[in-house]
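Structural overview
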Amino acid sequence: MAKLLIKEREIVIPGQELAEGLDFLPGQGTSRDENKIISNYLGLVSVNERFVKVIPLSGRYTPKVNDVVIGRVVEIGFYGWTIDIGSAYNGVLSIRDAAEFIERDDDLTKYYDFGDLVIVKINKVTRNKSIDLTTKGPGLKKLLGGKVIEVTPSKVPRMIGKQGSMIQLIKEKTGCDIMMGQNGRVWVKGKSTEKEILASDAILKIEQESHIEGLTDKIKKMLEKNELR
Amino acid sequence: MSYDKRFSGRKFDEMRPIEAKIGVIKRADGSALFKIGETIAIAAVYGPRELHPRFLQNPETGILRCNYDMTSFSVPERKRPGPNRRSVEIGLVTEKALLPVIDLKQFPNAVIDVFIQIIQANSGTRCAGISAASLALANAGIPMKDLVSSVSVGKVGNKILIDLDKEEEDHEEATDIPIAITNRTKQITLLQLDGNINKKELLEALKLAKLGCEKIAKIQEKTLKDYYKNEHE
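None of the values given here were measured: they were computed from a predicted structure.

**Focus on the overall build of chain A**
Per the secondary structure count, chain A includes four helices and 17 strands. For chain A, the C-alpha atoms occupy an extent of roughly 65 × 50 × 25 Å along the three principal directions. Taken over 229 residues, chain A has a buried fraction of 46%. Contacts spanning at least 24 positions in sequence make up 55% of the contacts within chain A whose residues lie at least 6 apart. In the form shown here, chain A has an accessible surface area of approximately 12100 Å², with 48% of it arising from carbon and sulfur atoms. On chain A, the mean spot of the 36 positive side-chain charges and the mean spot of the 32 negative ones are 3 Å from each other.

**Some remarks on the interface of chain B and chain A**
Across the boundary between the two partners, chain B contributes 28 residues, which contact 27 residues of chain A. Taken together, both faces of the contact between chain B and chain A bury some 2400 Å²; the carbon and sulfur share is 55%. A salt bridge links Asp33(A) to Arg184(B); the shortest N-O distance between them is 2.5 Å. Between chain B and chain A we count 12 residue pairs in polar contact (both at pLDDT 80 or more) in total. For the side of chain B that touches chain A, the element with the most residues is helix H4 (residues 199–232) of chain B, which contributes seven residues. Tallied by class, residues from the side of chain B that touches chain A come to 12 nonpolar, five polar and 11 charged.

**Here we look at the packing of aromatic side chains**
All names here are of chain B. Per the stated rule, a full pass over the model turns up five aromatic pairs over all chains. Arranged with centres 6.3 Å apart and planes meeting at 75°, the rings of Tyr3 and Phe12 form a pair that is edge-to-face. Classification of Phe12 as partly exposed rests on a relative accessible area of 21%. Geometrically, the ring pair formed by Tyr46 and Phe115 is edge-to-face, given 5.9 Å between the ring centres and 70° between the ring planes. Of the two residues, Tyr46 is situated in strand S3 (residues 39–50) and Phe115 in strand S5 (residues 110–120); the sequence distance between them amounts to 69 residues. Residue Phe115 is classed as partly exposed on the basis of its relative accessible area of 32%. Three or more aromatic residues joined by ring pairs form one cluster here, namely Tyr3, Phe7 and Phe12.

**Considering the pattern of salt bridges**
Residue and element names in this part refer to chain B. One pass over the structure, following the stated rule, counts 24 salt bridges over all chains. In this structure, Lys225 and Glu221 form a salt bridge, with 2.8 Å as the shortest nitrogen-oxygen distance. With Lys225 and Glu221 both in helix H4 and four residues apart, this pair spans about one turn of that helix. Residue Glu221 is classed as partly exposed on the basis of its relative accessible area of 30%.

**Some details on the domain arrangement of chain A**
All names here are of chain A. Along its sequence, chain A is organised into domain 1 (3–56), domain 2 (68–143) and domain 3 (147–224). Here the C-alpha centroids of domain 2 and domain 3 sit 26 Å apart. Taken together, the contact pairs 11 residues of domain 2 with nine residues of domain 3. When domain 2 packs against domain 3, the two sides together hide about 790 Å² of surface, and 64% of this comes from carbon and sulfur.

**Some words on the nonpolar core**
Within soluble globular proteins, side chains that are nonpolar tend to cluster in buried spots. Counting 81 residues, the largest nonpolar core has Trp81(A), Ile83(A), Ile85(A), Leu98(B), Ile102(B) and Leu137(B) as its most contacted members. Summarising the domain contributions, this core has at least three residues from each of domain 1 (3–56) and domain 2 (68–143) of chain A. In this structure Leu137(B) touches Val45(B), Leu98(B), Ile102(B), Ile112(B), Val114(B), Ile142(B) and Met144(B), once residues within four positions along its chain are discounted.

**Thoughts on the sheet that holds strand S2 (residues 11–12) of chain A**
All names here are of chain A. If you trace the four strands from one edge of the open sheet to the other, you get S2-S7-S8-S4, paired in mixed fashion. Edge strands, defined here as strands with exactly one partner in the open sheet, are S2 and strand S4 (25–26). For strand S7 (residues 43–48) and strand S8 (residues 51–56), the ladder comprises six bridges, and the chain directions are antiparallel. Among the inter-strand pairings, Ser46 is bridged to a residue of S8, identified as Lys53.

**Some thoughts on unusual backbone geometry**
Here the residue pair Gly47(B) and Pro48(B) is connected by a cis peptide bond, since its omega of 5° sits within 30 degrees of zero. Along the chain, Pro48(B) falls in strand S3. Residue Pro53(B) is bonded to the preceding His52(B) through a cis peptide linkage, with omega at 0°. Here Pro53(B) is to be found in the loop between S3 and strand S4 (63–70). Unusually for a residue other than glycine, Asp105(A) sits at a positive phi of about 60°.

About the criteria used
Residues numbered from 1 in each chain as written. Chains lettered and ligands numbered in written order. Predicted model: local features only at pLDDT ≥ 70, side-chain atom pairs only at ≥ 80, totals over all residues. Heavy atoms only, no water. Helix = DSSP H or I, 4+ residues; strand = E, 2+ residues; numbered from the N terminus. Buried < 20%, exposed > 50% of the residue type's maximum accessible area, 1.4 Å probe, protein only. Contact = heavy atoms within 4.5 Å. Areas by Shrake-Rupley, 256 points an atom, 1.4 Å probe, with all protein chains shown as cover. Lys, Arg positive; Asp, Glu negative; His and termini not counted. Charge placed at Lys NZ, Arg CZ, Asp CG, Glu CD. Buried area = accessible area lost by both parts, 1.4 Å probe. Salt bridge = Lys/Arg side-chain N within 4 Å of Asp/Glu carboxyl O. Polar contact = N/O pair within 3.5 Å; in protein donor to acceptor, adjacent residues only side chain to side chain. Nonpolar A, V, L, I, M, F, W, Y, C, P; charged D, E, K, R; others polar. Phe/Tyr/Trp six-rings, centres within 6.5 Å; stacked < 30°, edge-to-face > 60°. Domains from an automatic or database assignment. Core = buried A, V, L, I, M, F, W, Y, C linked by side-chain atoms within 4.5 Å. Pairing = 2+ DSSP bridges.

Take a look at the structure:
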């Protein structure tokens, strides 16, 4: 009776029927309608034993606890900083959660000013979507110089590669410093503008072709031959 | 008066040629173009994002806002730009046509903005707008239970037909009924009617609309899948 109506890694649209029968369970990005499992997103299906889930191909970043993201300061209050992290809701970095020691009545712009880029970790996401951020932890800091490019958040794991192989490759070949936030923002800083452009072109190339197998080798060749664009 | 042959030479159950595209606006979170005959609608989706003014925020659920507008050059006689009574109404009915398929519960206090621009009009603009908006929402990665497709049906003279064009709409004995139907569950989310039609004819028109929407649904599915397939190859 139970039947799978799709193949692994197939592209599905919202409302498409993925499986029939109660033996399958709806995972992330799907829902159950009577005895059928329905996709809720335009995305790729993945089936793990009895679980069927859909990974969206596009969309804004959904904050998750312990994610490291790149944010931009948009507001400063008495309590701390409001930071845009590219999701539907802004995050709050309170004075308590900042790595620096801040004296009473101190000018907060001394630490993080409007428009500054900060690597932050998500501490807490409440049910009504207020997001607590922190800069306490290894690698969390203000970013100086460089540039930021944006990619689709769901493609971030592909860009990092297996055990960071892809990002390591770009770092080696271009000599750039690269930080990748889970929210799809990528910070690139190199010794020269040319190197930065080379690195960001490589990143955008990966975003475009993220589904191809053996992409790491392809990018490697391209970086060596300077063939990007 | 009998209406034996359509002005355009189409069959009574034949729609104008349809074309759809997604990802047409780079800076939007999701966008789509939907073309049926000479009618062209472009939809752009922004969000979910923070909702201002704050008194409109709802802590229990997100909000959908639809904005429908016709460009001043979309019709033969220049249209005065900006919103008017008609466009506000169409914005609201579009919103209600799309609301049942979108899961807004995940976005308390936030808003999803949909902007529909008609860049060329020859009847059926609200239907084209809804079909485009549904594609754009899927492209924006917004959680949806289903997609929506929409087409107009109607009665001209004594004939029931699908996808009226301007010439037919302006016929003295014409009744135009825009209808939107969800793709999988086949539920009606929009039905507007002013004019004369009896029950039997209306049921016949609904049947025709269902067939038309099925065809549009297939085109929508193909558009969405092909966009990512092409990007994949």
